[in-house]
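The primary structure of each chain is shown beneath.
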Amino acid sequence: MRTRLFIWLLLFQFFFLINACNTNTPQPKNTGIKIATKKVTSKKFFSEINGYGRIEPVKSLDIEAKFDGVITYINTKNPIKKNEIVYKLGGPEIQLKRDELTKKYDIAKTEFNYLNSVLKRREILKKNNFLSKEEYDKTISNFNNAKDNFARAKYNLDYFNKTIEYAAPFEGYLNNIKVKLGSEVKRNGLIGQLQDPDKLKFVGNIYSNFDQSNENLLIKIKDQIYKGKVLYYEKGINEKSGGHTIWIEIKNNKKNLLPGEYVKYTILLNPHISTAVPSSALIINKGNYYVVIDNKGFYEKKEVSVGTRSKDMIEIKSGLKNGDLVLTSGAFEVYFGNIKKNMKVAD
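In this report, the structure presented in the accompanying data block is examined. (Residues numbered from 1 in each chain as written. Predicted model: local features only at pLDDT ≥ 70, side-chain atom pairs only at ≥ 80, totals over all residues. Heavy atoms only, no water.)

**Considerations on the overall build of the chain**
To be explicit about the condition: Labels follow the DSSP assignment, with helices taken as runs of H or I lasting at least four residues and strands as runs of E lasting at least two, numbered in each case from the N terminus. Between buried and exposed lies partly exposed: a residue is buried under 20% and exposed over 50% of the maximum accessible area for its type, with that area taken using a 1.4 Å probe on protein chains only. When checking whether two residues touch, look at their non-hydrogen atoms; a contact exists if any pair is within 4.5 Å. Accessible surface is estimated by sampling points in the Shrake-Rupley manner with a 1.4 Å probe; for residues, cover comes only from the protein chains shown.
Looking only at helices and strands, the chain features four helices and 20 strands. Across the 347 residues in the chain, those meeting the buried criterion constitute 38%. The contacts in the chain between residues at least 6 apart in sequence include a share of 74% that link residues at least 24 apart. Carbon together with sulfur atoms contributes 51% to the accessible area of the chain, which is approximately 21900 Å² in total.

Encoded structure:
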């Protein structure tokens, strides 16, 4: 008899506690579970657009072989600094071309030096009236032709020497490499692409409404926020992706992003200040959102309307005010009246 009475008393207390916590009636704090609280504060939030895309360079240069040859060196130590050698060409074809250009240079130089000395002597004769105007003009013409030939031969030889040991015109990453050490390459054959890492662009697709007037915006990639500028926005739906293609220029000052990598992005729009609570304070029940507040010594559940999430904070659009004290630990147990189990708060 006593055992039955004891069981009925326990059941009565259990159902009373559940029924009380499912109403807005304040509950006494002495639940016997571990409780932690935090004050409701204000925080900056954004409207967010999320998705995936690719990092590509804004500034890039196709590196092409200017002569037929063999790759004797290829620089794969990214980033390549300005004026560092990107690749070298060698082989019998390169040697034949070098000999040909060197020979032309030597001949042009010899002719130039000879006609230069002739011009100096004939200038003296002209000055003393021992040379006719026609002969002097012919000497000037021959000298100018030799001068042009010499300059052209020198340029061709210098250009050859520079391009078979090609130096980077700016600091960048050599990507999309099409050759390997020892492979043959033809003139105008693609060796790789030198990409500037400072100015990059994000190329992706947007599947929600986007205000095209937002030329300057913030974009979060790899937990870093970058200032971005919209370079291109496709108004129509892209048939392949089903979204709107967008290009956003990014200043990669800290070199955290690399050309060619695929990333998750968050475009941050419409910054606003709003009430916020830790995500650990939020309880989801039948599609609605609640928190438990500490109201002067009693616990009380509050239904709230939520907005966006920022790391471990949740925007509260209505239901709370700054200074309210919400439970961040023990909220789940207090809300559902389950004070005997430690369960994580839904987020």
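This is not the end of the story, as more comes after the structure.
**Examining the sheet that holds strand E10 (residues 190-195)**
Put simply, the rule is: For two strands to pair, DSSP has to find at least two bridges joining them. Lines fitted to the C-alpha atoms define the axes, with helices restricted to the stretch that makes contact. Angles between their N-to-C directions range from 0 to 180 degrees.
Taken in spatial order, the three strands of this open sheet run E4-E10-E8, and their pairing is antiparallel. Looking at strand neighbours, the two that pair on one side only are strand E4 (60-64) and strand E8 (173-175), the edges of this open sheet. When the angles between neighbouring strand axes are averaged without regard to direction, this sheet yields 30 degrees. Of the pairings in the sheet, the one linking E8 to E10 comprises three bridges and is antiparallel in character. Looking at E10, one finds that Tyr173 is bridged to Gln195.

**Some details on the sheet that holds strand E6 (residues 85-90)**
Spatially, four strands are ordered E7-E6-E5-E9 in an open sheet, and the strand pairing comes out antiparallel. The open sheet has two edge strands with one neighbour each: strand E7 (165-167) and strand E9 (184-185). Across the sheet, helix H3 (residues 133-164) lies against E6 and E7, angled at about 80 degrees from E7, the strand it touches most.

**What to know about the side chain of Asn205**
To keep it simple, the criterion reads: In the analysis that follows, any N or O atom pair within 3.5 Å is treated as a polar contact, provided that within protein one partner can donate a hydrogen and the other can accept it, and provided that, for residues neighboring in sequence, both atoms belong to side chains.
Tracing the chain through its elements places Asn205 in strand E11 (residues 199-206). For Asn205, the side chain forms a polar contact with the side chain of Thr245, separated by 3.2 Å. Dropping the residues within four chain positions of it, Asn205 is found in contact with Tyr52, Ser241, Gly243, His244, Thr245 and Tyr265.

**Quick word on the pattern of salt bridges**
Inclusion rule: Whenever Lys or Arg places a side-chain nitrogen within 4 Å of a carboxyl oxygen from Asp or Glu, that contact is recorded as a salt bridge.
Taken as a whole and judged by the stated rule, the model has nine salt bridges. Of the charged contacts, one joins Asp137 and Lys133 as a salt bridge, the two residues approaching to 2.9 Å between their closest N and O atoms. Of this pair, Asp137 and Lys133 both sit in helix H3, four residues apart, roughly one helical turn. Here Asp158 and Lys154 are joined by a salt bridge, their closest N and O atoms 3.0 Å apart. Of the two residues, Asp158 and Lys154 both sit in helix H3, four residues apart, roughly one turn of that helix.

**Thoughts on the nonpolar core**
The condition that has to hold: By nonpolar core is meant a set of buried Ala, Val, Leu, Ile, Met, Phe, Trp, Tyr and Cys residues that side-chain atoms within 4.5 Å join together.
Ranked by internal contacts, the top residues of the largest apolar core, which has 33 residues, are Ile63, Ile71, Ile74, Val86, Tyr87, Leu89 and Ile191. Looking at this core, the elements with two or more residues in it are strand E5 (69-74), E6, helix H2 (92-127), H3 and E10. Of the residues forming this core, the biggest block, eight residues, is contributed by H3. The contacts of Leu89, once residues within four sequence positions are left out, are Ala65, Phe67, Gly69, Val70, Ile71, Thr72, Ile94, Ile164 and Val185. Formed by 20 residues, the second largest nonpolar core is a distinct cluster that contains Phe210, Tyr226, Leu257 and Leu269.

**What about unusual backbone geometry?**
Negative phi values dominate among residues other than glycine, just as trans dominates among peptide bonds. Here the residue pair Asn78 and Pro79 is connected by a cis peptide bond, since its omega of -5 degrees sits within 30 degrees of zero. Phi angles above zero are rare outside glycine, and Asn270 is one such case at about 50 degrees. With respect to the helices, strands and loops of the structure, Asn270 is situated in strand E15 (residues 262-278). Of the residues examined, Asn270 reaches a relative accessible area of 49% and is grouped as partly exposed.

**Thoughts on H2**
Basically, it comes down to this: Given a helix with a known number of residues, its expected span is that number minus one, times 1.5 Å.
Taking 1.5 Å of rise per residue, 36 residues should cover 52 Å, and H2 covers 52 Å from first to last C-alpha, within 8% of that figure. Among the residues of H2, Ile94, Leu101, Tyr105, Ala108, Phe112, Leu115, Val118 and Leu119 are the ones counted as buried. Close packing links the buried residues of H2 with E5, E6 and H3. Directly beyond the C-terminal end of H2, a positive phi value near 65 degrees is found at Asn129.

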